[in-house]
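So you can see what is in the structure, the chains are spelled out below.
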Amino acid sequence: MNRLKVEVDLLHGNVEAAKSLVALPDNEVDNDLPICFVYTKEETSEANEQVNGVLQQAGKTFAVMYACQAASDDSEPLEDLRDAVKAVLMGWSPDPDNISPISYEKGNILDTSKRVVWWVDYFSLWQLDEYNG
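Remember, predicted model here, so these are calculated numbers, not experimental data.

Trainee: Would you mind going over the side chain of Thr61 with me for this structure?
Mentor: By the element assignment, Thr61 lies in strand β3 (residues 54–69). At 3.4 Å, the side chain of Thr61 forms a polar contact with the side chain of Glu105. Excluding its chain neighbours within four sequence positions, the residues that come into contact with Thr61 are Thr40, Lys41, Glu42, Glu105, Tyr122, Phe123 and Ser124.

Trainee: I would appreciate a short explanation of the side chain of Ser93 in the present structure.
Mentor: Assignment of secondary structure puts Ser93 in the loop between α3 (77–89) and β4 (103–112). Within the structure, Ser93 has its side chain in polar contact with the backbone nitrogen of Asp95 (distance 3.2 Å). Only 2.6 Å separates the side chain of Ser93 from the backbone oxygen of Ile99, close enough to count as a polar contact. Beyond its immediate chain neighbours, meaning those up to four positions away, Ser93 contacts Ile99, Ser100 and Pro101.

Trainee: I tried to follow unusual backbone geometry on my own but got confused; where do I start?
Mentor: Residues apart from glycine generally show negative phi values, whereas peptide bonds are mostly found in trans. Phi at His12 takes a positive value of approximately 50°, unusual for a residue other than glycine. Among the secondary structure elements, His12 is positioned in the loop between α1 (2–7) and β1 (15–17).

Trainee: Before we go on, may I ask you to explain the pattern of salt bridges in this structure?
Mentor: Between side chains of opposite charge, pairing is possible as soon as their charged atoms come close. A complete count under the given rule lists 3 salt bridges for this structure. Across the pair Glu43 and Lys60 runs a salt bridge whose closest N-O atoms are separated by 3.5 Å. Of this pair, Glu43 sits in strand β2 (residues 35–45) while Lys60 sits in strand β3, and the two are 17 residues apart along the sequence. The exposure class of Glu43 is exposed, given its relative accessible area of 57%. Members of the salt-bridge network, linked through shared partners, are Glu79, Arg82 and Asp121.

How each quantity is defined
- Residues numbered from 1 in each chain as written.
- Predicted model: local features only at pLDDT ≥ 70, side-chain atom pairs only at ≥ 80, totals over all residues.
- Heavy atoms only, no water.
- Helix = DSSP H or I, 4+ residues; strand = E, 2+ residues; numbered from the N terminus.
- Polar contact = N/O pair within 3.5 Å; in protein donor to acceptor, adjacent residues only side chain to side chain.
- Contact = heavy atoms within 4.5 Å.
- Salt bridge = Lys/Arg side-chain N within 4 Å of Asp/Glu carboxyl O.
- Buried < 20%, exposed > 50% of the residue type's maximum accessible area, 1.4 Å probe, protein only.

This is the structure in structure tokens:
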């Protein structure tokens, strides 16, 4: 979340942890568009490679949910925002020694109104978890 707040100028710092996975009514979004909500979608793991400890790859899929102004002319505010977010996340690792670079998985539309388009993109990374008790 911090990386998006700092690196994506189009968001003007409007990045929050998701409190729900449901698109809000237009009147609850106010005029703080665009805005992104981030949440963990899924966690997975590979088999443990040790008998007396833990050595395994753990995967995490996280979502970036966008609320963006609906296009009213030839501009594409949602696509511009998605491109900016992908540019700062894809290939970046929060910990290069232990966490894989972030990759893009997929995206889909959630909802639309005359004023707001809701979209979600999914990203994933892998982390090496090791514990030797």
